[in-house]
Amino acid sequence: MSREAGESTVKATGGNGELGGGVSEKPEHAYMPTPQIARFVVGRGLAALADQFLLFAIPLLAYKLTGSASQTGLIFLVEWLPRVIFLPMAGVLADRIRGYVLYIGSDVVRAGLALTAFALMYLLPDGKFITLCVLAAGMSLAGAQSYVALEATLPRFVPMDQMVRAQSIVQGTEQVSEVAGPALAALLSSVMSTSDLLAVIGVVYALTTLNTLSLRRWLSTETLAGATAEPTTVRSVITGVGEGVTTLRKLPAILGLVGLTMTVNLMVGVGMATSAATTSGVFHAPDRYYGALTTGAGVVGVLTFFVVPKLAKRLKPFAALMASYSLICLGGIGVGLANTFAQYAVSYAILLGTVGFFNVFIRMERIRRIPREHFAKTIGIIILLHQVSLPAAGFLVTLFAVSHGPQKVVLGSVIASACIVVLLIPLLAQLRYFHAHPDPAPNLR
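Residues numbered from 1 in each chain as written. Predicted model: local features only at pLDDT ≥ 70, side-chain atom pairs only at ≥ 80, totals over all residues. Heavy atoms only, no water.

Trainee: I tried to follow unusual backbone geometry on my own but got confused; where do I start?
Mentor: In this model, His284 sits at a positive phi of 55°, which is unusual for a non-glycine residue. Mapped onto the secondary structure, His284 falls in the loop between α9 (252-282) and α10 (287-314). (Helix = DSSP H or I, 4+ residues; strand = E, 2+ residues; numbered from the N terminus.)

This is how it looks when you write it as structure tokens:
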């Protein structure tokens, strides 16, 4: 592996006047050896696996406790709203604090929350729904910080000419967890109660903490492009959030991508928030079918992992994004119109599974266009806007799932999203006119 990046400063400016890929400077840290990178990726994969266990357990527990699609939508809202509110601060912290510290903190918090919730399920049986709400909210905060930290860390360790491959590996790891997570969770739930999964989740997060601690020697050398001598205070965090907003306003194509991703998250969020109710309430399928449903989506996502690097060489960003967006819409329409569980499962797999294809190109464009010194704080604002759609999805399900049925809510979200995207075409079309300068760093070997 190359030990050091070349020294150069590059400022890329597109023909539309956008800020370009920012400043790329010689990092003061050394790249991690390949075995340590593998361990790091495996550790993040374990965290993603625990996330999938959580996504399996919380909606299913909520539906079992209440028997209501609306209440399941409410807990989805509770799960995502704190995350969205916290994201700008998470971005500022990721510009000021090394990813190593943020990974440790978020994983410790999630392990503690899961184990505490497991205990409370038995100690306070009358407060199970409240316990789930607190668990969902707390997990969302810690998960937001971990997610932004990973987004910020990757460009600091990987040169630009290797970024498509690196992003594909990260996305592939996430998709593998989406295959293995629901399958393992369904298997475990067949031999233990669903609430017992919370203990398993806590143990998995504890293992990711130990893995990260073992990589301290390498992860602690990370160089922060946006770090300053100014102490991290409430005022400095607010200032950082303002800098992120200002940077985003100067990037019209990124604004178009933000709007596009918000519509995708609305469709996916409504699909996820209604999946337990549709599987159990509409098609009267057992719990293991719910696990198979999300596993199928993960399988489709893993398949996209193999084709994305090849497509990246043949498709321009605009064409790739529109193609993946069309597939997501197709899946949403199928979910809304399905008459059998088999039709529903295939459509659900397309709806969620093709998001990985979409995400790789979104992440690449962000890295190319956002100045490096403001990257994490801008990403925090961007992800906040992206994920506003998720609590909104929970709110829509809470309002309309009972009166109109969960499938019609999904179908309505697809129609609304497509109408919004038509208005975003002028911004998205600017993706065709930007040519970023390559990162001067040599290939990783």
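Trainee: I would appreciate a short explanation of helix α3 (residues 99-123) in the present structure.
Mentor: The α-helix advances 3.6 residues per turn, and as a result positions three or four apart in sequence lie on the same side. Over its 25 residues, α3 runs 36 Å from end to end, which matches the ideal 36 Å to within 8%, given 1.5 Å per residue. Three or more residues of α3 are buried, namely Gly99, Tyr100, Leu102, Tyr103, Ile104, Ser106, Asp107, Arg110, Ala111, Ala114, Ala117 and Met121. (Expected span 1.5 Å × (residues − 1). Buried < 20%, exposed > 50% of the residue type's maximum accessible area, 1.4 Å probe, protein only.)

Trainee: Explain the environment of Gly336 to me, please; I cannot follow it from the model alone.
Mentor: Considering the arrangement of structural elements, one finds Gly336 in helix α11 (residues 317-337). Measuring from C-alpha to C-alpha, the distance between Gly336 and Leu411 comes to 4.7 Å, with 75 residues separating the pair along the chain. Excluding anything up to four places from it in sequence, Gly336 contacts Gln407, Val410 and Leu411. (Contact = heavy atoms within 4.5 Å.)

Trainee: Teacher, can you tell me more about the pattern of salt bridges here?
Mentor: A pair can form between side chains of opposite charge whenever their charged atoms are brought close. Inspection of the entire model under this criterion finds six salt bridges. Taken together, the salt bridges that share partners define one network made up of Arg44, Asp51, Asp107 and Arg110. (Salt bridge = Lys/Arg side-chain N within 4 Å of Asp/Glu carboxyl O.)

Trainee: What exactly am I supposed to notice about a nonpolar patch on the surface here?
Mentor: A cluster of nonpolar side chains, Leu115, Val203, Leu207, Leu210 and Leu213, forms an exposed patch at the surface whose accessible area comes to about 450 Å². Counting residues per element, the nonpolar patch draws most heavily on helix α6 (residues 197-214), at four residues. In this structure, Leu207 sits in helix α6. Under the relative-accessibility criterion, Leu207 is labelled partly exposed at 45%. (Patch = residues over 30% accessible without salt bridge, like charges linked within 9 Å, V, L, I, M, F, W, Y side chains within 5 Å. Areas by Shrake-Rupley, 256 points an atom, 1.4 Å probe, with all protein chains shown as cover.)

Trainee: Quick question: what am I supposed to make of the packing of α11 against helix α13 (residues 355-369) here?
Mentor: Two quantities define a packed helix pair, namely the angle between the helix axes and the distance between the axes. It is at 9 Å that the axes of α11 and α13 come closest, and there the two elements cross at 150°. On the basis of the axis angle, α11 is roughly antiparallel to α13. Remark: the crossing between α11 and α13 carries left-handed chirality. Counted together, Pro317, Ala320, Leu321, Ser324, Tyr325 and Ile328 of α11 and Val355, Phe357, Phe358, Phe361, Ile362, Glu365 and Arg368 of α13 form the full contact between these two elements. Taken together, the residues of the contact of α11 with α13 sort by class into ten nonpolar, one polar and two charged. (Axes fitted to C-alpha atoms, helices over the stretch in contact; angles between N-to-C directions. Parallel < 35°, antiparallel > 145°, perpendicular 65-115°, else oblique. Left-handed = near helix turned anticlockwise from the far one by under 90°. Nonpolar A, V, L, I, M, F, W, Y, C, P; charged D, E, K, R; others polar.)

Trainee: Help me understand the packing of aromatic side chains, please; the structure alone is not making it clear to me.
Mentor: Each pair of aromatic rings is reported with the distance of its centres and the angle of its planes. In this structure the tally under the stated criterion is six aromatic pairs. The interplanar angle of 50° and the centroid separation of 6.2 Å between the aromatic rings of Phe341 and Tyr344 together place this pair among those described as tilted. Here Phe341 pairs with Tyr344, and both are found in helix α12 (residues 341-353), just three residues apart, close to one helical turn. A single burial state applies to Phe341 and to Tyr344, both of which are buried. Their ring planes at 40° and their centres at 5.9 Å tell us that Tyr344 and Tyr348 sit as a pair that is tilted. Taken together, the residues span about one helical turn, with Tyr344 and Tyr348 both in helix α12 at a distance of four residues. Of the two residues, Tyr344 and Tyr348, neither departs from the other in class, the shared state being buried. Three or more aromatic residues link up through ring pairs in this structure, and these residues are Phe283, Tyr289, Phe341, Tyr344 and Tyr348. The ring of Tyr103 has Arg44 sitting right over it, with the charged end atom 4.6 Å from the ring centre. (Phe/Tyr/Trp six-rings, centres within 6.5 Å; stacked < 30°, edge-to-face > 60°. Lys NZ or Arg CZ within 6 Å of the ring centre and 35° of its normal.)

Everything listed is a geometric property; what it means functionally is a separate question.
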